[in-house]
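What the coordinates show
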Amino acid sequence: MQDQSARIKIAVQKSGRLTEHSMDLLSRCGLSYSRGRDQLICYGENMPIDVLLVRDDDIPRLVQEDVCDLGIVGINVTEEARLDFAANGVANLFERVNELDFGHCRLSFGIPASVEFQDARSLEGLRIATSYPRIVEDYLRRKNVNASVVEFSGAVEIAPSLGKADLICDLVSSGGTMRAHQLEEVETILESRAALIQTPVKLAEEKATWVQRLLQRVEGVQQVRESKYIMLHAPRSALDSIRALLPGSEAPTIMPLDGRDDIVAMHAVCRENIFWETLEDLKDAGASSILVLPVEKMLA
Ligand code: PRT
Ligand code: ZN
């Protein structure tokens, strides 16, 4: 029978904004899995990696306590947990090993029309409703402001109209929720996105090798998402100006074209997306037969 302790456990949000992106990322890293009957664990079939599906708020603790080796969770949640663990005297904290390119949002103050806001000092003596008391308290401490923090576990945006707080500090992505509640977003105290966190406990050698491999693949997946492979023909005389137009490309490959001394083929990997405007500029600079292809996998 297989040694279960040698398998890597990754905590992922069970059902919410990060779930699909997190599972998609793991699939792109080559993991295929089957879901357990209880729907709480996905068993890796081709790698020694299992995925535990949990509430996002539980992820930092599961990783901190080494129940899981890795976790995928928003920086808003990891920061709140990190401050909470630190306040409770926990010394050896989980590590953030990678920031991911999904789950983008920001933690901002939202004020009703009755509140005037210039800077942090405007908050003196006010009541702030939030689901992130540790982060807000930390901000107030750094700014040397006395304000009271009222903890709300959900529907923070209704706190001012209920008379429970003077303003709120909550996550924003489009800004629609604050606007719909007549709140003006005035200051961001944390920029957030999903991140990969790792247990503070040293991994056994075999596990460490797999985690390293997985992290390298995560890096690769993130890089290819925007990357493009571009091929074009260019007059030798225009090579420098054409090269300068290619976004995020390293040394391109230049190849001769049969029977032509004046024109060459150029191939390059661009680490940023290529827009129509770039193609038009390339054409204006003398390029022809331009072809842009998606990159499927990349290993630096
Ligand atoms: O059940 P579980 O506890 O696992 O899920 P949850 O309800 O706590 O979390 P979920 O799924 O809502 O969000 C998971 C993570 O997604 C968060 O911790 C953030 O890291 C990230 N994220 C990204 C967001 C948002 N964008 C977001 N807009 N989390 C919440 N919101 C909410 C926000 O709280 C507010 O109510 O959406 C509203 C604001 O959105 P806009 O677009 O109107 O500005
Ligand atoms: Zn949650």
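Predicted model, so just to flag it, every value in this text is computed and none were measured.

**Notes on the coordination of the zinc ion (ligand 2)**
Surrounding the zinc ion (ligand 2) are the protein donor atoms D56 (OD) and D57 (OD), which sit 2.1 Å from the metal. Taken together, the four donor atoms coordinating the zinc ion (ligand 2) and their angles of 74 to 174° define a geometry best described as irregular.

**Quick word on the site of ligand 1**
Lining the immediate environment of ligand 1, one finds 21 residues, of which R55, N76, S174, G175 and T177 sit closest. Within the side chain of N76, an N or O atom sits 2.6 Å from an oxygen atom of ligand 1. Protein contacts shield 77% of the accessible area of ligand 1, which totals 850 Å² for the unbound molecule. The set of elements that each furnish at least two residues to the shell around ligand 1 consists of α3 (75–87), β10 (167–172) and α5 (176–180). Looking at the shell around ligand 1 residue by residue, the class counts come to five nonpolar, 11 polar and five charged.

**Regarding the domain arrangement of the protein**
Domain assignment breaks the protein into domain 1 (4–102 + 194–224), domain 2 (105–192) and domain 3 (228–294). Just the C-alpha atoms count here: the centres of domain 1 and domain 2 sit 30 Å apart. Contacts between the two partners involve 10 residues from domain 1 and, on the opposite side, nine residues from domain 2. The junction of domain 1 with domain 2 conceals about 820 Å² of combined surface from both sides, 58% of it contributed by carbon and sulfur atoms. Of all residues in domain 1, N76, E80 and L83 bury the most surface against domain 2, accounting for 64% of the area lost on that side. Where domain 1 touches domain 2, the interface holds one salt bridge. The closest approach of N and O atoms between R134 and D84, which form a salt bridge, is 2.8 Å. Across the domain 1-domain 2 interface, the total number found is six residue pairs in polar contact (both at pLDDT 80 or more).

**Concerning the packing of aromatic side chains**
Under the counting rule described, the total for this entry stands at three aromatic pairs. Aromatic side chains F85 and F94 sit 6.3 Å apart centroid to centroid with 80° between the ring planes, which places their arrangement in the edge-to-face category. Three or more aromatic residues link up through ring pairs in this structure, and these residues are F109, F117 and Y139. A cation over a ring is seen here: R213 above W210, with NZ or CZ 4.5 Å from the ring centre.

**A look at the pattern of salt bridges**
Taken as a whole and judged by the stated rule, the model has 19 salt bridges. Residues R141 and D138 are paired through a salt bridge, measuring 3.5 Å at the closest nitrogen-oxygen approach. Placement of the pair is R141 and D138 together in helix α4 (residues 133–143), with a separation of three residues, close to one helical turn. Via salt bridges that share partners, E79, R82, R96, E99 and R193 belong to a single interconnected network.

Criteria and thresholds
- All residue numbers here refer to positions counted from 1 along the written sequence of the relevant chain.
- Chains and ligands are labelled sequentially in the order written, the chains with letters from A and the ligands with numbers from 1.
- Side-chain atom pairs in this predicted model are given and counted only at pLDDT of 80 or more, local residue features only at pLDDT of at least 70, and totals for whole chains, interfaces and linings cover all residues.
- Values reported for side chains reflect all heavy atoms of the structure, with hydrogen atoms and water molecules removed beforehand.
- For Na, K and Ca the donor cutoff is 3.2 Å, while for all other metals N, O and S atoms count as donors only within 2.8 Å; water does not appear among the atoms, so some sites may look incomplete.
- Here a site with four donors is tetrahedral if all angles are between 85 and 135 degrees, and a site with four or six donors is square planar or octahedral if opposite donors are over 155 degrees apart and the other angles are between 65 and 115; anything else gets the irregular label.
- For this description, a residue counts as near a given molecule or strand if any of its non-hydrogen atoms is within 4 Å of it.
- Two N or O atoms count as a polar contact when they lie within 3.5 Å, although within protein this holds only if one can serve as hydrogen donor and the other as acceptor, and sequence-adjacent residues are included solely when both atoms are side-chain atoms.
- Surface accessibility in these figures is a Shrake-Rupley result with a 1.4 Å probe; residues are shielded only by whichever protein chains are displayed.
- Numbering of helices and strands runs from the N terminus, with a helix taken as a DSSP run of H or I at least four residues long and a strand as a DSSP run of E at least two residues long.
- Following the grouping adopted for this structure description, the nonpolar residues are Ala, Val, Leu, Ile, Met, Phe, Trp, Tyr, Cys and Pro, the charged ones are Asp, Glu, Lys and Arg, and the polar ones are all others, Gly among them.
- Domain boundaries shown here were taken from an automatic or database domain assignment.
- Contacts are assigned to residue pairs with any non-hydrogen atoms lying within 4.5 Å of each other.
- For any pair of parts, buried area is found by adding up, for both, the accessible area (1.4 Å probe) each one loses once the two are put together.
- Any carboxyl oxygen of Asp or Glu that lies within 4 Å of a side-chain nitrogen of Lys or Arg is treated as forming a salt bridge with it.
- A pair of Phe, Tyr and Trp rings is counted when the ring centres sit within 6.5 Å of each other, with Trp represented by its six-membered ring. The angle between the planes then sorts it: under 30 degrees is stacked, over 60 is edge-to-face, the rest tilted.
- Consider the ring centre and the ring normal. A charge sits over the ring if Lys NZ or Arg CZ is within 6 Å of that centre and within 35 degrees of that normal.

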